[in-house]
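# Summary of the model geometry
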Amino acid sequence: MLPSVANVDFQDFDLTRGDISGVVTWSPPADTSAISGYEVYLTDSSGDRATGIHWGTTPLGTDMLEVAENTSLAGYTHIFVHTRSVLGESPDGESVEICDVAEEDALSITNSLATSAPWGVVELSFHASPSCTDTPLRWAEIDATSNSAMAQLAAD
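Reading the values: the criteria
- Residues numbered from 1 in each chain as written.
- Predicted model: local features only at pLDDT ≥ 70, side-chain atom pairs only at ≥ 80, totals over all residues.
- Heavy atoms only, no water.
- Pairing = 2+ DSSP bridges.
- Helix = DSSP H or I, 4+ residues; strand = E, 2+ residues; numbered from the N terminus.
- Axes fitted to C-alpha atoms, helices over the stretch in contact; angles between N-to-C directions.
- pLDDT = per-residue confidence, 0-100.
- Contact = heavy atoms within 4.5 Å.
- Buried < 20%, exposed > 50% of the residue type's maximum accessible area, 1.4 Å probe, protein only.

## A look at the sheet that holds strand β2 (residues 19-27)
To summarise the sheet geometry, strands pair through backbone hydrogen bonds and adopt either a parallel or an antiparallel arrangement. Reading across the sheet, the three strands line up as β1-β2-β5 and stay open at both edges, with antiparallel pairing between neighbours. Every other strand in the sheet has two partners, leaving β1 (6-10) and β5 (64-72) as the edge strands with one partner each. The sheet shows a mean angle of 15 degrees between the axes of neighbouring strands, taken without regard to direction.

## Some points on the pairing of β2
One ladder, built from three bridges, connects β1 with β2; its direction is antiparallel. If you follow Asp-9 over to β2, its bridge partner there is Thr-25.

## Describing the confidence of the model for the chain
Confidence in the prediction for the chain averages 79 pLDDT; 65% of positions are at 70 or higher. Contacts from residues 108-113, a stretch scored under 50 in pLDDT, to residues over four places away or in other chains number 16 contacts. Per-residue pLDDT stays below 50 along residues 148-156; that stretch engages in three contacts with residues further than four places along the chain or on separate chains.

## Concerning the pairing of strand β7 (residues 88-97)
Direction of pairing for strand β6 (residues 78-85) relative to β7: antiparallel, over a ladder of seven bridges. Paired with Ile-79 across the two strands is Val-96, which belongs to β7. Where β6 hands over to β7, the hairpin turn is made up of two residues, counted between the paired strands.

## Details of unusual backbone geometry
The phi torsion at Asn-7 lies on the positive side, around 55 degrees, for a residue other than glycine. When you line up the elements, Asn-7 lands in strand β1. The exposure class of Asn-7 is exposed, given its relative accessible area of 60%. In the Ramachandran plot, Ala-74 falls in the positive-phi region, its phi being about 50 degrees despite a non-glycine side chain. As for its placement among the helices and strands, Ala-74 is situated in the loop between β5 and β6. Of the residues examined, Ala-74 reaches a relative accessible area of 47% and is grouped as partly exposed.

## Some points on the environment of Ala-102
Looking at the element boundaries, Ala-102 is found in the loop between β7 and β8 (107-111). Each C-alpha atom of the pair Ala-102 and Phe-13 lies 8.8 Å from the other, and the pair is 89 residues apart in sequence. Ala-102 has contacts with Leu-15 and Arg-17, leaving out every residue within four places of it along the chain.

## Quick notes on the environment of Ala-6
Relative to the helices and strands, Ala-6 resides in strand β1. The class of Ala-6 is partly exposed, set by a relative accessible area of 34%. For the pair formed by Ala-6 and Pro-28, sequence separation is 22 residues and the distance between their alpha carbons is 6.5 Å. Among residues more than four places away in sequence, those in contact with Ala-6 are Trp-26 and Ser-27.

What follows is the structure in structure tokens.
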């Protein structure tokens, strides 16, 4: 049995619901001596390659696959990466669930106090759950303004 990849990741940069684009990345197995490359599929959560869409093959040493702009999800929800050898493809793959980002998913933050001090924000985490007990969202578009800037814009 071939070793599996780890840490499969994908961030959608296409803002149209039902379409995606970006780069699928993964970490190769620790032992790649039997590996000749990788196979990448768009499929459902079961990982059934027979009903999924084969996106491409990459050689050993290439731990990513670019997904073109306006690529249709075609109703699928997961990306699977399988290892491959000269004898064939591993039936077991590692996956990531796709977060289909759309234009209406953009978030906006407004500074509630008028201030001239720089923001100095080091890190922000956004959650779907108000209690922040879920996993932070992996992608957000931020529009940051201050009340003093908004007041100036309103006066213009």
